[in-house]
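Fold and geometry: a report
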Amino acid sequence: MEIQEVRAWRTSGFLGLGALLLGLFWAGWALKEGSAEREALYLFHLIGGLLLAGLAGAGLIAVQPNEARVLTFLGRYVGSVREAGFHYVNPFTVKKRVSLRVHNFNSDRLKVNDAHGNPIEIAAVVAWRVVDSAKALFQVEDYTSFVAIQSETALRALASRYPYDGEEKSLRGNPEELAEELKGEVEARLKVAGVEVLEARLTHLAYAPEVAQAMLRRQQAQAVVAARKLIVEAAVGMVKEALMGLEAEGIALDEERKAAMVNNLMVALVSEAQAQPVINAGTLYT
């Protein structure tokens, strides 16, 4: 059966403190008078005073800000106290403290395979807090360990669904979208423990060391190919403009001279080495 947080009975702690002082005064008076008069009646007064003081003292609790006290009586959950201050509650209950403050969980660097099967290292930070103290204590064995294990499980699942890099949605290319997706998945897993996820973000993302160099060379090759493609496209446009400019000036070239001109311009524009001038002493036809 799922347990949900309910408000426990409580009253001002100063009433309990007054009862405690009254019980101590009563017991002190009974002890003093009983020692002087040696009558058994004072023994009952002494027991009554100590009993009142014990019951009053056992029910006093101080709740700090962003803290809850979970009360159980004979193995049964009877409620929680969230209000900060000095309170008096059922003295026969067991009182357990649960922090409602914001916690950070920093995962270890996990080695997983991305959607393309490449081994990668990934880590994340998850900001969370308890919103239901009863679920946190009674729905799971240890809610802090539960947060750690479920967060790492969600992170592994996310990393295996997307590639490290690529034109499509990827871990490196879409960090904000994947952070929201990770937050939603972690929160869905932690809902059973009464935990709210405030934020989840990747803190580390890299190829595994055994493939890092190979992947780096592949990225460099892709960058070189992309740069060459851009240079060639730009050179073709410049050559086209040059030919159109000559025709606009009335300079007509036959197909062979056009081919020679295109060849020379492309070599000069695309080549990484500095172009060297060549003087043609003859003609293209000799």
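These remarks concern the structure in this document. Values in this document were obtained by computation on a predicted structure and should not be read as measured data. (Residues numbered from 1 in each chain as written. Predicted model: local features only at pLDDT ≥ 70, side-chain atom pairs only at ≥ 80, totals over all residues. Heavy atoms only, no water.)

1. Regarding the environment of Phe86
Mapped onto the elements of the fold, Phe86 is located in strand β5 (residues 85–88). Along the primary structure Phe86 and Leu60 are separated by 26 residues, whereas in three dimensions their C-alpha atoms are 7.4 Å apart. Once residues within four sequence positions are removed from consideration, Phe86 is found in contact with Thr11, Ser12, Gly13, Phe14, Leu17, Leu60 and Ile61. (Helix = DSSP H or I, 4+ residues; strand = E, 2+ residues; numbered from the N terminus. Contact = heavy atoms within 4.5 Å.)

2. A word on the sheet that holds strand β2 (residues 60–63)
One open sheet accounts for three strands, arranged β1-β5-β2; its pairing is antiparallel. Only two strands of the sheet have a single partner each, and these edge strands are β1 (11–12) and β2. Alignment of β2 against β5, held across four bridges, turns out to be antiparallel. Residue pairing across strands places Leu60 opposite Tyr88, the latter belonging to β5. (Pairing = 2+ DSSP bridges.)

3. Looking at a nonpolar patch on the surface
On the surface, a cluster of nonpolar side chains totalling about 530 Å² of accessible area is made up of Leu51, Leu55, Phe73, Leu74 and Phe92. Relative to the assigned elements, Phe73 resides in strand β3 (residues 67–73). (Patch = residues over 30% accessible without salt bridge, like charges linked within 9 Å, V, L, I, M, F, W, Y side chains within 5 Å. Areas by Shrake-Rupley, 256 points an atom, 1.4 Å probe, with all protein chains shown as cover. Salt bridge = Lys/Arg side-chain N within 4 Å of Asp/Glu carboxyl O.)

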